[in-house]
Amino acid sequence: MSSADAKTVEARCVRLNATAENAAALAPIVERPTLARGPNELLIEVKAAAVNPSDVKAATGLMPYAVFPRTPGRDYAGLAIDGPAGMVGREVFGSSGDLGIRRDGTHASHLVVEADAVVEKPKTLSWEEAAGIGVPFVTAMEGFRRAGVPESGEIVLVFGVNGKVGQAAVQIATWQGARVIGVVRRAEAYEGHTNAPIEVIDASATDVAARVRELTGGKGADIVFNTVGDPYFQAAHKSLALRGRQILIAAIDRIVQFNILEFYRGQHTYVGIDTLGLSSAATGAVLRNLGPGFASGHLKPFPIRADAVYSLERAKEAYVAVAGSSRDRVILRP
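Residues numbered from 1 in each chain as written. Predicted model: local features only at pLDDT ≥ 70, side-chain atom pairs only at ≥ 80, totals over all residues. Heavy atoms only, no water.

A. Region of the structure containing the overall build of the protein chain. Scanning the protein chain for helices and strands turns up nine helices and 17 strands. For 334 residues, the compact-globule formula gives about 20 Å, and the C-alpha radius of gyration of the protein chain, at 20 Å, lands near that figure. Here the protein chain, with 334 residues, has 53% of them falling under the buried criterion. Taking the contacts inside the protein chain whose residues are at least 6 apart along the sequence as the reference set, 70% of them involve residues at least 24 apart. Of the charged side chains in the protein chain, 36 are positive and 35 negative, and the gap between their average positions amounts to 2 Å. (Helix = DSSP H or I, 4+ residues; strand = E, 2+ residues; numbered from the N terminus. Rg over C-alpha atoms; globule rule 2.2 N^0.38 Å. Buried < 20%, exposed > 50% of the residue type's maximum accessible area, 1.4 Å probe, protein only. Contact = heavy atoms within 4.5 Å. Lys, Arg positive; Asp, Glu negative; His and termini not counted. Charge placed at Lys NZ, Arg CZ, Asp CG, Glu CD.)

Pasting the structure below:
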C-alpha cells in the first residue's frame, strides 16, 4: 500500500492546550483527530503508553522547548496497522526524545511514527510491560553506551538504585557481568530484578565514598551512574576509581562545587545524558541493543500494577500519580 492510499483513522488523543502550574492544575481533554501516515511511516494502534516524569515536567512548564497544544507521551507499545510492506500486523514498541514534547505523542489510541523507530515487541511481554520499558531503559543504556558498556568484573555504583533508571542500570550492568553497588537515601533493600547479588549502601547512615572504598579494596567504582544529580555529586566524585566514569542524567540544583585537580589527577570522565535529544530512530537503535537481553530473560520489564493503569479519560489522575511520590510504572491504556 503506498502512502497515497494510506488508511485514515479517527483517533482519540489526550490534548494539553497549555502548560499548568502543577500536575493538579492540568486540564487534559480527549480529542478525535483524523490520522494517516506519510511515506516511510507507520500507523500504530496504541495498546499501552507509559507516563514518564518528563511528560509531567513538560506539561508544567519545566521544558521551554515543549510545544503546545500537543498530545503528551514518549513510550508506547502497539500494533502496526498501516505502513511499508512487511510491517503491517507486527507487534512493536518504542520511545522517543521528541514524541510528546516537540510533536504529538503516545497518549492516544493511534500514533504515527517513523518505520525505523519501532522495535519488535518480545512475545513474552504484555503490552503494558513493553510500554513501560522505554525511557528508563533507553536512559540507562545510552549512559553506558556513551561511558563504555560495563565489562565483566568492572564495578558499577548506582545512586538512586530503586528509581526506574537505577533499576534498568542494575539489570544492564549485571547482564554484562559487572559487580553492582547501589545507593539508597534511607534504609531499604534493592527492589528490582538483578542477574547477580548487589550490595546496597544507605546514604543516610554511611559515608558512601568510604564504604565504596571498603567494599572495593580501596579501588573505587569504574562507573558511577548518578541518577539523582547534585545531592550525590561529591560522594560520586570521591567514589570513582582511577580513570572512572560518572554518568549524570538529572539535577535539582544546577551548580556544584567541582575539584578540578582531583578530576584530572583521577583521569575521570563525566558523561551527560539527555534522552530528549534523541530522535525516534536513534531511540529505536538503543532499544534494539536491549532486545537480546529481554529475549534471554537477563532483562525484565517493570511489574505493572493493575491500579497503576488508567484510561485516556483518566489521564489527569495518571499525571498526578507520576508527579507525586508513586514508584509505580504508570500506564495509559486506550
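B. Geometry of the packing of helix H3 (residues 134-147) against helix H8 (residues 280-296). In contact at an axis separation of 9 Å, H3 and H8 are set at 95° when each is read in the N-to-C sense. Judged on the interaxial angle alone, H8 and H3 are roughly perpendicular. When H3 is examined against H8, the residues Phe 137, Val 138, Met 141 and Glu 142 are found in contact with a partner set consisting of Thr 283, Val 286, Leu 287, Asn 289, Leu 290 and Phe 294. Each residue belonging to the contact of H3 with H8 can be placed in one class, and the counts come to seven nonpolar, two polar and one charged. (Axes fitted to C-alpha atoms, helices over the stretch in contact; angles between N-to-C directions. Parallel < 35°, antiparallel > 145°, perpendicular 65-115°, else oblique. Nonpolar A, V, L, I, M, F, W, Y, C, P; charged D, E, K, R; others polar.)

C. A look at H8. The end-to-end C-alpha distance of H8 is 25 Å, a good match for the 24 Å that 17 residues give at a rise of 1.5 Å each. Among the residues of H8, Ser 280, Thr 283, Gly 284, Val 286, Leu 287, Leu 290, Gly 293 and Phe 294 are the ones counted as buried. The secondary structure elements touched by the buried residues of H8 are strand E7 (91-94), strand E8 (110-114), strand E9 (119-120), H3 and helix H4 (164-175). Phi turns positive, to about 85°, at Gly 297, one or two residues after H8. (Expected span 1.5 Å × (residues − 1).)

D. Quick peek at the nonpolar core. In this structure, Phe 137, Phe 144, Val 156, Val 158, Ile 172, Phe 225 and Leu 290 are the most contacted members of the largest nonpolar core, which totals 43 residues. If you list the elements that add at least two residues to this core, you get strand E5 (41-51), helix H2 (127-131), H3, strand E10 (155-159), H4, strand E11 (179-184), strand E13 (221-226) and H8. In contact with Phe 137, not counting residues within four places along its chain, are Ala 168, Gln 171, Ile 172, Leu 290, Phe 294, Leu 299, Lys 300 and Phe 302. Grouped together as the second largest cluster of nonpolar side chains are 17 residues, Leu 16, Val 51, Val 56 and Val 322 included. (Core = buried A, V, L, I, M, F, W, Y, C linked by side-chain atoms within 4.5 Å.)

E. The arrangement of the environment of His 193 in detail. Examined against the element boundaries, His 193 turns out to sit in the loop between E11 and strand E12 (199-202). Spatially, the C-alpha atoms of His 193 and Ala 168 are 8.6 Å apart, while their sequence positions differ by 25 residues. Excluding residues within four positions of it along the chain, His 193 makes contact with Val 170, Gln 171, Gly 297, His 298 and Lys 300. Of the polar contacts made by the side chain of His 193, one reaches the backbone oxygen of His 298; its length is 3.0 Å. (Polar contact = N/O pair within 3.5 Å; in protein donor to acceptor, adjacent residues only side chain to side chain.)

F. Region of the structure containing the pairing of E10. In terms of burial, E10 is a largely internal element, five of the five residues being buried. Both faces of E10 are covered, namely the face carrying Ile 155, Leu 157 and Phe 159 and the face carrying Val 156 and Val 158. Sheet topology places E10 next to E11; five bridges connect them, and they run parallel. Its bridge partner being in E11, Leu 157 is matched across the sheet by Ile 181. (Pairing = 2+ DSSP bridges.)

G. Layout of the sheet that holds strand E15 (residues 269-272). Here we have six strands laid out as an open sheet, ordered E12-E11-E10-E13-E14-E15, and parallel in their pairing. With one partner strand each, in any of the chains shown, E12 and E15 form the two edges of the open sheet. Neighbour-to-neighbour, the strand axes of the sheet open up by a mean angle of 20°, direction not taken into account. Sheet analysis places E11 next to E12, joined by four bridges and oriented parallel. Across the sheet, the residue bridging to Val 183 is Ile 201, located in E12.

H. Spatial organisation of the packing of aromatic side chains. Applying the stated rule across the entire model yields nine aromatic pairs. Centre to centre, the rings of Phe 137 and Phe 294 are 5.1 Å apart; their planes meet at 65°, and the pair counts as edge-to-face. Linking Phe 137 in helix H3 with Phe 294 in helix H8, this pair joins segments that are 157 residues apart in sequence. With a centroid separation of 5.3 Å and 70° between ring planes, the pair formed by Phe 263 and Tyr 270 is classed as edge-to-face. Residue Tyr 270 is classed as partly exposed on the basis of its relative accessible area of 24%. One aromatic cluster is present, built from ring pairs that chain together Phe 233, Phe 258, Phe 263 and Tyr 270. (Phe/Tyr/Trp six-rings, centres within 6.5 Å; stacked < 30°, edge-to-face > 60°.)

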